[in-house]
Amino acid sequence: MDTARDDLDDYLTSDRYHDLVSEHYYDHRNQGGLTDPTFVKSSEETTCGDDGEFHVTITDDRIDDIAFESRSCAVSRAVASLLSEHLKGMPVAEVAELDGYVARQLEGQYPDLRRECVEGPEAVIREAARDYLTEGQRTESV
């Protein structure tokens, strides 16, 4: 534990992880909150303790803007960044059907131990999109 932070660079750039993990960890996209989001979706309790949320603004049933806040591991933060970049402009209905996008982008190149860190953020935003569509939370953003 004492050397974990010092070992992070070598760990993320090792052949255990796809280069996108390191890229998005060191150069986060869309990190932070939004001023007036249509909805905020927090992650549920996870076995590894990841804690974060997506802030989403919807216009004409598309993701107009998206940001994330994360108090999670490096992998989960990188995945949230990767997702946020991909989802901007996407119809909410397509987000509700996401299934394995991140794993495909990472070409399965991550330790099985980190499966929940890789799949968790996608599950959170997929559930948020489904909730938005089924609960009639449609509001027009100004």
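Structure shown above.
Note that the coordinates shown come from a computational prediction; the quantities given were computed from them, not determined experimentally.

> For the packing of helix α2 (residues 19-26) against helix α3 (residues 74-87), give the residues involved together with the corresponding values.
Viewed as axis vectors pointing N to C, α2 and α3 meet at an angle of 85°, and their least axial separation amounts to 8 Å. Classed by the angle they form, the pair α2 and α3 counts as roughly perpendicular. In this structure, α2 contributes Leu20, Val21, His24 and Tyr25 to the contact, and α3 contributes Ala74, Val75, Arg77, Ala78, Ser81, Leu82 and Glu85.

> Explain the packing of α3 against helix α6 (residues 115-134) to me, using residue names and the numbers behind them.
How two helices pack is summed up by the angle between their axes together with the distance between the axes. α6 packs onto α3 with a crossing angle of 40° between their chain directions and a minimal axis gap of 8 Å. Considered as vectors, α3 and α6 are oriented oblique to each other. Our pair here, α3 against α6, has a crossing hand that is right-handed. Residue-level inspection shows Val75, Ser76, Val79, Ala80, Leu83 and Leu87 of α3 in contact with α6, the latter providing Cys117, Val118, Pro121, Glu122 and Ile125.

> So what's going on with the nonpolar core? Which residues, and what values?
Counting 35 residues, the largest nonpolar core has Phe54, Leu83, Leu87 and Ile125 as the members making the most contacts within it. For this core, the secondary structure elements donating two or more residues are α2, β2 (52-59), β3 (62-70), α3, α4 (92-95), α5 (101-105) and α6. The dominant element in this core, judged by the number of residues it contributes, is α3, at eight residues.

> Explain the pairing of strand β1 (residues 39-42) residue by residue, including any values.
Residues Phe39 and Lys41 of β1 are buried on one face, while the alternating residues Val40 and Ser42, pointing to the opposite face, are not. Note: β1 against β2, four bridges, orientation antiparallel. Counted as the bridge partner of Ser42 is Glu53 from β2.

> Could you give an account of α3, naming the residues involved and the relevant values?
For α3, spanning 14 residues, the distance from its first C-alpha to its last is 20 Å, which sits close to the expected 20 Å at 1.5 Å a residue. Counting buried positions along α3 gives 11 out of 14 residues, so the element sits mostly inside the fold. Along α3, the residues that are buried comprise Ala74, Val75, Ser76, Ala78, Val79, Ala80, Ser81, Leu82, Leu83, Ser84 and Leu87. After α3 finishes, the residue Gly89 shows a positive phi value of roughly 90°.

> Provide a residue-level description of the sheet that holds β1, including the pertinent values.
An order of β1-β2-β3 is seen for the three strands of this open sheet, with the pairing classed as antiparallel. In the strand order of this sheet, the two ends are held by β1 and β3, each with one partner. The average undirected angle you get between the axes of adjacent strands in this sheet is 20°. Judged from the eight bridges that link them, β2 and β3 form a sheet pairing that is antiparallel. Paired with Thr59 across the bridge in β3 is Arg62. On top of the sheet, α3 reaches β2 and β3; it is set at about 170° to β3, its chief contact. Packing of α6 onto the sheet brings it into contact with β1, β2 and β3, and relative to β1 it is tilted by some 140°.

Cut-offs applied
Residues numbered from 1 in each chain as written. Predicted model: local features only at pLDDT ≥ 70, side-chain atom pairs only at ≥ 80, totals over all residues. Heavy atoms only, no water. Axes fitted to C-alpha atoms, helices over the stretch in contact; angles between N-to-C directions. Helix = DSSP H or I, 4+ residues; strand = E, 2+ residues; numbered from the N terminus. Parallel < 35°, antiparallel > 145°, perpendicular 65-115°, else oblique. Contact = heavy atoms within 4.5 Å. Left-handed = near helix turned anticlockwise from the far one by under 90°. Core = buried A, V, L, I, M, F, W, Y, C linked by side-chain atoms within 4.5 Å. Buried < 20%, exposed > 50% of the residue type's maximum accessible area, 1.4 Å probe, protein only. Pairing = 2+ DSSP bridges. Expected span 1.5 Å × (residues − 1).

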